[in-house]
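Residue strings, one per chain:
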Amino acid sequence: MGVLERVNSTDDVSALSRDELHALAAELRSEIIRVCSLGGGHLASSLGAVELTVALHHLYDTARDRIVWDVGHQTYGHKIITGRKDRIDTIRQPGGLAGFTTSSESPHDALTVGHASTSLAAALGMALARDARGDDYSIVAVIGDGALTGGMALAALNQIGHVKPKMTIVLNDNEMSISENVGALNTFMRSLQVQPWLHEVEAQGKRTLGQISQTLVDLGSRAKKAARRFFDPNSANPFHAMGVRYVGPIDGHDIDQLLYYLAHVQELSGPTMLHIVTKKGKGYKIAESDPIYWHGPPKFDASKPVAASKGYTWSSAFGDAACALSSADDRVWVITPAMREGSGLVAYSQKHPERYLDVGIAEDVAVTTAAGLALRGEKPIVAIYSTFLQRGFDQVIHDVCLENLDVVFAIDRAGLVGGDGMTHQGVYDLAYLRALPNMSVAMPKDVPEMRAMLKTALKLGGPKAVRWPRGKATPAPEAPVAAWEELTWGSWEVLKEGSRAFILALGPTVGYALQATADLPEVGVVNARFVKPLDEALLERLARRAEVLITAEDHVLMGGLGSAVAETLVDKGLRVPLHRLGIPDVHVPHGDPAAQHEAFGYGPRALRRTLEALGLAQPTLLEASD
Ligand SMILES: Cc1ncc(C[n+]2csc(CCOP(=O)(O)OP(=O)(O)O)c2C)c(N)n1
Ligand SMILES: CC(=O)[C@@H](O)[C@H](O)COP(=O)(O)O
Ligand SMILES: [Mg+2]
C-alpha cells in the first residue's frame, strides 16, 4: 500500500517518517502527472512545488494554520493531500474542483486565488487579525518569483517589513514566470547562492539560525560580511531593505532542508523570507526541459508526452497582425504583462525585440508605460487578457483616457474562458471600459475584422480597445497592412436583413445568431461590433422598424452591449421591446464555455428557443413535444 493511500488529512502527513515523506513526494508527483494528462492543467508549477507541499503539510496543521498560496496554480499536490484525492480527476472540469485554491472548496484553502501577487497582502491581513485576537496560528505565504514581480506583492512586502508580523514568506524561485522571468529582482536573485560557510557552521551541530548568525558574526570578517547579508538591514539584500529577514536560498526539492529551515524560521519573531530554489516541472523530464509549454498543457499521453500545437487561435492572429503592424510603422510597440505565449507574441518578440516589452506580472505598469510611450509620440499596443486588465484599470483612466493618448488595448480572453473559471472570466471589460470618456471598445467577428480594427485604431489614435475570445480562429489569407480594410469607427454591419426582429450580436454570438436564424427571413442579424461608440443611426432605424430587438453577448448583462443599447433607446425615446441575453449577476465557475453560453441563453440553441418564445420561429417538433 502506498503512502498516499494512507493520507487523508494533514494529520496523516504530520505523522509520516522522513522516508515516508520522500515516498509521498514521489507518489504525489506521479499523481499530478496522471491528473494533468487526463484533462490538462497547471502541471509544471505543481510538480515544482511537490516537496514544499509535503514539508508544509508535515509541519503545519493547515486546517488551522494558514498556507497562503500565490496564484494557486501550483496546488494540485496540496489539494490531493487535503482530502480531495478522490475528486482530483475533476479539477478544472465542469462541476469539478477549481484549478486554484478556493476557500469554499476546503478549510485548507486559506483564500480564493487565481490572479497573481495577492498572497502577501492577504497574509498581512490574516496576521493582523490573528494578533488582534490574540490567536497563535502560523501564517505561511508561498509566492513565486514571477508573482513577486507584481506591484502589489512588493507594496505588501514593504508594509510587512514595517508592521513586522510573525510570518514566513516562502519565495519559490524557479527563474520562471510562464515565460522566463524578468526584472531586476530576478537578476539579483541569480546573484545569491548558498554560502559554503553556512554548511560548515551547520556541520557543528544543528543549531538555530539565530545561533548560526551569531556564530557567523563571531567567525571573523568573511563570515561577518556574509552574516550582514542575512541579518543586517543595511545589506544589499532588498528584502532586508524592506524590513524582512531573508534566509536562503536553499534547495526547494530537499525535504530535509525544507523541514529544517521552515522549523527554524518558524521560531523567529517577525517576518522571515525563506528563499527556495526549485525547478519548474521537476521530476518530469519533458516539463523540466520545456516549462513554458508544460506550464498549462492540454491533456496528453503521460507515457509518451509531446508538446502539441494549440492550432490557429485568435492569439495567433493577433501575433501575426502585431508583427505586420510593427513592420509597417516603427512607432508601434507591443507590451505584455508576462503573457508572451498566451497573447501569441513569441514570434513578435523575436521579430521586433526593440519594440517588445514584457514588464512582468505588472498590468498597471504595462498600461502606464504605454502612456509614457504615447506621450512621446509612439504607438503602443498593450496586449492583455480581459481579466488581467482589471489590474490596470485606474491606469487606463488616470494615465491614458484623461490625456486621450494613442494607446491600443489588444484584449485577449474576452468572454468565458473555461478551465480557469471565476477568477479569470473576461466578462467585465465592456462595462468597465465603456464608462470611460475618450475610450472606445470594439470586438471583431473574424480575423480580417480584427486586422481592420487594429489598423484603424492605430490610425485614428486615442484610447481604443479591441477584444477577442480565447480559442480557435479561422485563418485569413495573408495580406499587407495596406490592403487591410479601414473601418468607419463605430459602424455596425447588417449581416442578414430582417423585418420583424433583429439580433444585435457581438463576437462569438454573431455566428450563433446566423445559425439560429438561417431559416427565418423575418429575423435579421447585425454585427454590433462597436460597443462604444454604438452605431446610433443604424440602431434608431432598426428600432423604428422592428417589433423587437435582441442583444446577445458573452459578457455580463450589467454594463455590456445590451445596457448600451438600452440606454440609447431610452435616451432617444425609442419604445421598441428589447430582449437582452448575456451573463446574469453571478460569478461563473470553470466549465465548458459553449455549454455555458447555452445555459445563459446566448448559445445557438438557446437563441432559437428565445425566438420561438417570442413567436419569431415555429417550435421544432422535438421541442414542441418536450
Ligand atoms: C494578475 C495576473 N497576471 C497574470 C497571470 C497569469 N499567470 C499565471 S501563473 C503566472 C506565472 C507565475 O510565476 P511564478 O509566480 O513564478 O509561479 P511558477 O509558475 O513559476 O510556479 C502568470 C503570469 C495571473 N495569474 N495573474
Ligand atoms: C494561472 C494563470 O493565470 C495562467 O496560467 C492562465 O491559466 C493562462 O490562461 P490561458 O490558458 O487561457 O492562456
Ligand atoms: Mg516562477
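Everything numeric in this text was worked out from a predicted model, so none of it was measured.

Turning to the UniProt feature "binding site: Mg(2+)" (unreviewed entry) in the chain, a few remarks are in order. The UniProt record marks Asp145 and Asn174 with the feature "binding site: Mg(2+)" (unreviewed entry), using the residue numbering of this structure. Across 30 residues, the annotated set stays spatially compact, with a maximum C-alpha separation of 6.9 Å. By the secondary structure assignment, Asp145 is in the loop between strand 2 (139-144) and helix 7 (151-163). Setting aside chain neighbours within four positions, we find Asp145 in contact with Leu171, Asn172, Asp173, Asn174, Glu175, Met176, Asn181, Asn186 and Met189. Here the side chain of Asp145 touches Asn174 through a polar contact of 3.3 Å, landing on its backbone nitrogen. Structurally, Asn174 is set in the loop between strand 3 (167-173) and helix 8 (184-191).

Reported here for the second largest pocket is a volume of approximately 220 Å³. Along the walls of the second largest pocket sit 13 residues, with Asp320, Ala321, Ala324, Arg451 and Glu478 positioned nearest its centre. Tallying contributions element by element places helix 15 (residues 314-328) first for the lining of the second largest pocket, with five residues.

Here we take up the site of ligand 2. In the region of ligand 2, the neighbouring residues are His42, Val71, Phe100, Ile178, His295, Tyr385, Phe388, Arg413, Asp420, His424 and Arg470. Burial of ligand 2 by the protein chains amounts to 87% of its free accessible area of 360 Å². Looking at the shell around ligand 2, its residues break down into five nonpolar, three polar and three charged. Each of domain 1 (3-295) and domain 2 (314-483) contributes no fewer than three residues to the shell around ligand 2.

Running from N to C, helix 2 (residues 18-39) and helix 13 (residues 255-267) point in directions that differ by 115 degrees, and their axes come no closer than 10 Å. For the pair formed by helix 2 and helix 13, the contact residues are Arg18, Leu21, His22 and Ala25 on the first element and Ile255, Asp256 and Leu259 on the second. Residues belonging to the contact of helix 2 with helix 13 are distributed by class as follows: four nonpolar, one polar and two charged.

We now examine the site of ligand 1. Residues in close proximity to ligand 1 total 22 residues, the closest being His73, Gly114, Gly146, Lys280 and Glu363. Between an oxygen atom of ligand 1 and a side-chain N or O atom of Ser45, the distance comes to 2.9 Å. Between Met176 and ligand 1, the recorded distance is 2.9 Å, taken from a backbone N or O atom to an oxygen atom. When ligand 1 is considered free in solution it has 580 Å² of accessible area, and contact with the protein chains removes 97% of it. Broken down by class, the residue content of the shell around ligand 1 amounts to nine nonpolar, nine polar and four charged.

Now for the sheet that holds strand 10 (residues 440-442). Strand order in this open sheet of seven strands is 7-6-8-9-11-10-15, and the pairing throughout is mixed. Edge positions in the sheet fall to strand 7 (356-358) and strand 15 (530-532), since each of these pairs with one other strand and no more. On average, adjacent strands in this sheet sit at an angle of 20 degrees to one another, irrespective of strand direction. When strand 8 (residues 379-385) meets strand 9 (residues 408-412), the two strands line up parallel, connected through five bridges. In the sheet register, Ala383 faces strand 9, and the bridge partner there is Ala410. In this fold helix 15 packs onto strand 6 (332-336), strand 8 and strand 9, with an angle of close to 145 degrees to the strand it touches most, strand 6. Sheet contacts for helix 17 (residues 363-375): strand 6, strand 7, strand 8 and strand 9; angle to strand 8, the most-contacted strand, approximately 165 degrees.

Once that is clear, we can look at the pairing of strand 6. For strand 6, the buried fraction is high: four of the five residues fall into the buried class. Looking at chain direction, strand 6 and strand 8 are connected through four bridges and run parallel. Looking at the pairing, Val334 lines up with Ile381 of strand 8. Relative to strand 7, strand 6 is paired through three bridges, and the arrangement is parallel. Looking at the pairing, Thr336 lines up with Asp358 of strand 7. Read from strand 6 through helix 16 (residues 346-351) to strand 7, the crossover connection turns out right-handed.

As a further point, take helix 15. In this model, helix 15 (15 residues) spans 21 Å end to end at C-alpha, consistent with the 21 Å of a helix rising 1.5 Å per residue. The complete set of buried residues in helix 15 reads Trp314, Ser315, Ala317, Phe318, Gly319, Ala321, Ala322, Cys323, Leu325 and Ser326. Residues of helix 15 that are buried in the fold lie against strand 6, helix 16, strand 8, strand 9 and helix 21 (447-460).

Bringing the confidence of the model for the chain into the picture now. Here the chain averages 94 in pLDDT, while 92% of its residues score no lower than 70. Predicted complex, confidence summary: ipTM 0.99, pTM 0.93.

This part is about the environment of Gly360. On the secondary structure map, Gly360 appears in the loop between strand 7 and helix 17. A relative accessible area of 2% means that Gly360 is categorised as buried. Distance from Gly360 to Pro337, taken between C-alpha atoms, is 5.1 Å for residues 23 residues apart in sequence. Sequence-distant contacts of Gly360, that is, excluding residues within four places in its chain, are made with Thr149, Val182, Pro337 and Ala338.

This brings us to the nonpolar core. Note that soluble globular proteins tend to have their nonpolar side chains buried in a common cluster. Judged by nonpolar contacts, the single largest core of 85 residues is most densely connected at Phe318, Phe409, Leu433 and Trp492. Every residue in contact with Trp492, bar those within four places of it in the chain, is listed here: Leu504, Val526, Asn527, Ala528, Arg529, Phe530, Leu534, Asp535, Leu538, Leu539, Leu561 and Val565.

Thresholds, definitions, all that
- Residue positions are counted from 1 within each chain, in the order its sequence is given.
- To read the labels, note that chains go from A and ligands from 1, taken in the order they are written.
- Local features in this predicted model are restricted to residues of pLDDT 70 or higher, and side-chain atom pairs are both shown and tallied only at a pLDDT of 80 or more, whereas totals for entire chains, interfaces and linings draw on every residue.
- Computation of side-chain values covers all heavy atoms of the structure but excludes hydrogens and water.
- UniProt positions are given in the numbering used here, feature names are shortened, and annotations may be inferred rather than shown by experiment.
- A run of H or I in DSSP counts as a helix once it spans at least four residues, and a run of E counts as a strand once it spans at least two, with each numbered from the N terminus.
- Any two residues whose heavy atoms approach within 4.5 Å are treated as being in contact.
- Two N or O atoms form a polar contact when they lie within 3.5 Å of each other; inside protein one atom must be a possible hydrogen donor and the other a possible acceptor, and for residues adjacent in sequence the pair counts only when both atoms belong to side chains.
- Cavities and pockets are found on a 1 Å grid laid over the protein atoms alone: a cavity is a set of points where a 1.4 Å probe fits but cannot escape, a pocket is an open set with protein on both sides within 12 Å along at least five of seven lines, and a lining residue has an atom within 4 Å of such a point.
- Grid points are joined across faces, edges and corners, and a volume is the space filled by probe spheres set on the points.
- Proximity is defined per residue: any heavy atom of the residue falling within 4 Å of a molecule or strand makes that residue near it.
- Per-residue and other accessible areas follow the Shrake-Rupley method at a 1.4 Å probe size, with only the shown protein chains counted as cover for residues.
- The nonpolar class holds Ala, Val, Leu, Ile, Met, Phe, Trp, Tyr, Cys and Pro. Asp, Glu, Lys and Arg form the charged class, and all remaining residues, Gly among them, are polar.
- Here the bounds of each domain stem from an automatic or database domain assignment.
- Angular values range over 0 to 180 degrees, each being the angle between N-to-C directions of two axes fitted as lines to C-alpha atoms, with helices fitted over their stretch in contact.
- In this scheme, strands are said to pair when DSSP sees at least two bridges between them.
- Only protein chains enter the area calculation, which uses a 1.4 Å probe; residues under 20% of their type maximum are buried, those over 50% are exposed, and those in between are partly exposed.
- The handedness of a crossover follows from its direction of travel: if, with the strands pointing away from the viewer, the path from the first strand over the helix to the second runs clockwise, the crossover is right-handed.
- A helix is expected to reach a length of 1.5 Å times the quantity of its residues less one.
- As a per-residue measure, pLDDT tells how confident the predictor is, with possible values from 0 to 100.
- What we call a nonpolar core is a set of buried Ala, Val, Leu, Ile, Met, Phe, Trp, Tyr and Cys residues that are connected through their side-chain atoms within 4.5 Å.

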